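So the chains spell out like this:
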Amino acid sequence: MLLRYFLFVLGFTLTLNISSQTPTDYLPKEFHKSRREALRAKMPVNSVAVVFANPLRNRANDVDYVFHQDPNFYYLTGYREPNGVLVLFSDDQQAEDGTVYNEMLFVQKKDKRAEQWDGKRLGIEGAKERLGFKMVMNGEDFKNAGINFKAFDRIFVEKFNDDYRNSTNNTGEIYDLVMAFKQNADYNPNNFLSPIKKQIYELVKSTPIENSANVAQIIGRAIAYDPSLKEDTDLMKFKDASEIAIKKDLKEKITLKLNAKTNIDISFLSSNLATLREVKTPAEIKLLTKAIRISAVGQIEVMKAMKPHMSEIELQGIHEFVYKKYGAEYEGYPSIVGAGNNGCILHYIENSKTKVGNDLVLMDLGAEYRGYTADVTRTIPANGKFTKAQKAIYNIVYDAQEAGIKAYTVGESMAKPNQIAIAVVNQGLLDLGIIKSLDEKHPYFPHGTSHHIGLDVHDPGNYGNFEENMVVTMEPGIYIPEGSNCDKKWWGIGIRIEDDILVTKNGPVNLSAEAPRTVKEIEKMMAKKSVLDDFVLPNLDE
Ligand code: GLY
Ligand code: MN
Ligand code: MN
């Protein structure tokens, strides 16, 4: 009896310990519920929103990529598994048994065998308890759940990217769920017009046939922005046709498409979720701050550890080790570590140089913590000392960043920091003789400075004016690849400094400020000893 009591207590203690051994600081279910309520408040009467989870994506043979949830779906549900669907109704619905509900969540079915191989699933009961949904069903029942989509005046979905496949015979995969939705809702891509498609059809309608060569050119360019245009065979024939009679015939057909009616809307969700997601709640700011501070500490550790004999990938590994040490699950985007000329490639993710040598090393990396990602860049000299030329360019970028950050104030245009940075960079390049006049078009600063961060590294937003509790990057850069049209002494210098700025009523707060930024601070940090100085592994090549 005593033994049984003891085992019970031991078992209970173990259970408690085991459950407390997984992270507990995810966003609470109340957060996700409040986001659904905020979205519902924007929906017109008799409408329904359908949001799909991400599918698993195949890497090779029987190995999939590590799963990552669709950020909009996560924002609204907190569900971290693939193969889910959220159905959100503008108005209360009533089930046959009288239950009143205004949302449904479809989840992966509990399955002992699948869970033994691939990990635990929340299932229906777990989703009710942990995510706070009342109406939860298995994904495989979505098709026959009796939702009469056609009865709604508006159906909101995101644009389907169709980058999933039916990998097994199971039902309930995203592939099946999307097919079931398309069937139930009478989804026909030819019946709804994306904004670009609508513009093109209007253009075809309003342009006299004699001038249609221009229209054909515009259609060609528009395909890059909306590849679904290619699926419109009439439009493609119109683009390529040369005979006037054939063109006339096609023009009539295309014009009629402007009258097509559908209750499916593929822009409502992306634009309204951008409006919600661009302003962060206190709970989101807390997680973002953690992700950003982790990334800043990564930069500090690398500043101490960096030596010219190290490889780009090794430096990447040190950042990412720091992230994991803090329990960050992922990197928010592929890490960029580029020495010298590699630093001039904006999204250089190969990180394959075996020795960084005496070059500058541009390091753009961000930890993703509980879904929220940082985006921090530092550029430092591998040997610990900036050369005169490196310092001259670095200080222009630094001044541009400092000047731009001052504009992160409530009510200011979000375009302003970029304008300020361009002015500072151009003046600096002119002073050094790298460009010949202030209005010279040059390739040395080819990107903007400011994007939202959050669940996505390039978080959605409307890019109007700064509002309180937005978190936005400030990232000017100067990139002078080898062969540039300037003195050779500047070649191979690529510098970006990127910080994550919280907009508050009292002005900008630099959340990544603990990673040194000035030449002096960086050189001082790089002179410090690193614990990795003594971390020597056996040579495996001898
Ligand atoms: N790391 C991507 C960016 O800075 O936007
Ligand atoms: Mn960025
Ligand atoms: Mn970045």
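My aim in this report is to walk through the structure given alongside it, one point at a time. (Residues numbered from 1 in each chain as written. Chains lettered and ligands numbered in written order. Predicted model: local features only at pLDDT ≥ 70, side-chain atom pairs only at ≥ 80, totals over all residues. Heavy atoms only, no water.)

**Section: the overall build of the protein chain**
Part 1 of the argument: Helix and strand counts for the protein chain come out as 16 helices and 19 strands.
Part 2 of the argument: With the C-alpha coordinates aligned to their principal axes, the bounding extent of the protein chain is approximately 95 × 75 × 55 Å.
Part 3 of the argument: The 542 residues of the protein chain split such that 49% are buried.
Part 4 of the argument: About 27,800 Å² of surface is accessible on the protein chain, with carbon and sulfur atoms providing 53% of the total. (Helix = DSSP H or I, 4+ residues; strand = E, 2+ residues; numbered from the N terminus. Buried < 20%, exposed > 50% of the residue type's maximum accessible area, 1.4 Å probe, protein only. Areas by Shrake-Rupley, 256 points an atom, 1.4 Å probe, with all protein chains shown as cover.)

**Thoughts on the site of ligand 1**
Part 1 of the argument: Every residue lining ligand 1 is accounted for by Tyr333, His347, Asp364, Asp375, His451, His458, Glu475 and Glu498.
Part 2 of the argument: Measuring from a nitrogen atom of ligand 1, one finds a side-chain N or O atom of aspartate 364 at 3.1 Å.
Part 3 of the argument: Between histidine 451 and ligand 1, the recorded distance is 3.1 Å, taken from a side-chain N or O atom to an oxygen atom.
Part 4 of the argument: Taken together, the residues that form the shell around ligand 1 break down as one nonpolar, three polar and four charged. (Near = heavy atom within 4 Å. Polar contact = N/O pair within 3.5 Å; in protein donor to acceptor, adjacent residues only side chain to side chain. Nonpolar A, V, L, I, M, F, W, Y, C, P; charged D, E, K, R; others polar.)

**Describing the coordination of the manganese ion (ligand 2)**
Part 1 of the argument: Looking at the manganese ion (ligand 2), the protein donor atoms are Asp375 (OD), His451 (NE2), Glu475 (OE) and Glu498 (OE), and they sit 2.0 to 2.1 Å from it.
Part 2 of the argument: Spacing between the donor residues of the manganese ion (ligand 2) along their common chain follows D-x75-H-x23-E-x22-E.
Part 3 of the argument: Separating the manganese ion (ligand 2) from the manganese ion (ligand 3) is a gap of 3.3 Å, which aspartate 375 spans by donating to each of them. Of this pair, histidine 451 sits in the loop between α15 (416–431) and β15 (471–474) while glutamate 475 sits in the loop between β15 and β16 (477–480), and the two are 24 residues apart along the sequence.
Part 4 of the argument: Take glutamate 475: its relative accessible area is 9%, and that puts it in the buried class. (Donors = N, O, S within 2.8 Å, 3.2 Å for Na, K, Ca; no water.)

**Observations concerning the pattern of salt bridges**
Once the charged atoms of two side chains with opposite charge are near each other, the side chains can pair.
Part 1 of the argument: Taken as a whole and assessed by the stated rule, the structure comprises 26 salt bridges.
Part 2 of the argument: For aspartate 265, the salt bridge identified is with arginine 154, shortest N-O distance 2.9 Å. Here aspartate 265 is found in strand β8 (residues 264–265), whereas its partner arginine 154 is found in strand β7 (residues 154–156), with 111 residues between them in sequence.
Part 3 of the argument: A relative accessible area of 15% means that aspartate 265 is categorised as buried.
Part 4 of the argument: Where aspartate 359 meets lysine 353, a salt bridge forms, and the shortest distance between an N and an O atom there is 3.4 Å.
Part 5 of the argument: One salt-bridge network, in which partners are shared between bridges, spans Asp232, Asp234, Lys253 and Lys257. (Salt bridge = Lys/Arg side-chain N within 4 Å of Asp/Glu carboxyl O.)

**Topic: the sheet that holds strand β9 (residues 330–331)**
Part 1 of the argument: Pairing in this open sheet of three strands is antiparallel, and the strands run β9-β12-β13 from one edge to the other. Two strands in the sheet have a free side with no partner beyond their single neighbour: β9 and β13 (372–373).
Part 2 of the argument: Sheet topology note: the β9/strand β12 (residues 367–369) ladder contains two bridges and is antiparallel. When the sheet's bridge partners are listed, tyrosine 330 is paired in β12 with glutamate 368. (Pairing = 2+ DSSP bridges.)

**Quick look at the packing of helix α9 (residues 233–240) against helix α10 (residues 244–256)**
Part 1 of the argument: Two elements in contact, α9 and α10, have axes separated by 9 Å at closest approach and are oriented at 150°. By crossing handedness, the relation of α9 to α10 is classed as left-handed. Note on element contacts: α10 touches α9 through Lys247, Leu250, Lys251, Lys253 and Ile254, opposite Asp234, Leu235, Lys237 and Phe238.
Part 2 of the argument: By residue class, the composition of the contact of α9 with α10 is four nonpolar, no polar and five charged. (Axes fitted to C-alpha atoms, helices over the stretch in contact; angles between N-to-C directions. Left-handed = near helix turned anticlockwise from the far one by under 90°. Contact = heavy atoms within 4.5 Å.)

**Remarks on the coordination of the manganese ion (ligand 3)**
Part 1 of the argument: At this site the manganese ion (ligand 3) is bound by Asp364 (OD), Asp364 (OD), Asp375 (OD) and Glu498 (OE), with donor distances of 2.1 to 2.3 Å.
Part 2 of the argument: Between the six donor atoms coordinating the manganese ion (ligand 3), the angles at the centre fall across 57 to 170°, so the site counts as irregular.
Part 3 of the argument: Every donor residue of the manganese ion (ligand 3) comes from the same chain, spaced as D-x10-D-x122-E.
Part 4 of the argument: Taking the relative accessible area as the measure of exposure, aspartate 364 reaches 5% and is therefore buried.
Part 5 of the argument: By relative accessible area, glutamate 498 is classed as buried at 0%. (Tetrahedral: all angles 85-135°; square planar, octahedral: opposite > 155°, others 65-115°.)

**A short note on the pairing of β15**
Part 1 of the argument: Burial of the side chains of β15 extends over both faces: Val471 and Thr473 are buried on one face and Val472 and Met474 on the other.
Part 2 of the argument: With four bridges connecting them, β15 and strand β18 (residues 499–504) associate as antiparallel partners. Paired with valine 472 across the bridge in β18 is isoleucine 501.

**Digging into the pairing of strand β14 (residues 376–381)**
Part 1 of the argument: Taken across its six residues, β14 has six buried, putting it largely inside the fold.
Part 2 of the argument: By the alternation rule, side chains of β14 split into Val376, Arg378 and Ile380 and Thr377, Thr379 and Pro381, which are all buried.
Part 3 of the argument: Here strand β11 (residues 360–365) runs beside β14; their pairing, made up of six bridges, is antiparallel. In the strand pairing of β14, leucine 362 is matched with threonine 379.

**Describing the sheet that holds β15**
Part 1 of the argument: Across the sheet, three strands lie side by side as β15-β18-β19; this open sheet has antiparallel pairing. Looking along the sheet, the strands with just one partner apiece sit at the ends: β15 and β19 (507–510). Within this sheet the neighbouring strands show an average axis-to-axis angle of 40°, counted without direction.

**Let's talk about the layout of surface pockets**
Part 1 of the argument: In this structure, the second largest pocket spans a volume of roughly 720 Å³.
Part 2 of the argument: Elements with a contribution of two residues or more to the lining of the second largest pocket: β1 (47–52), α3 (71–77), α6 (174–184) and α11 (268–277).
Part 3 of the argument: At four residues, the largest contribution of residues to the lining of the second largest pocket is made by α11.
Part 4 of the argument: Tallied by class, the residues present in the lining of the second largest pocket amount to 17 nonpolar, five polar and eight charged. (1 Å grid on protein atoms, 1.4 Å probe; cavity = no way out; pocket = protein on both sides within 12 Å on 5 of 7 lines; lining within 4 Å. Points joined across faces, edges and corners; volume = space filled by probe spheres on them.)

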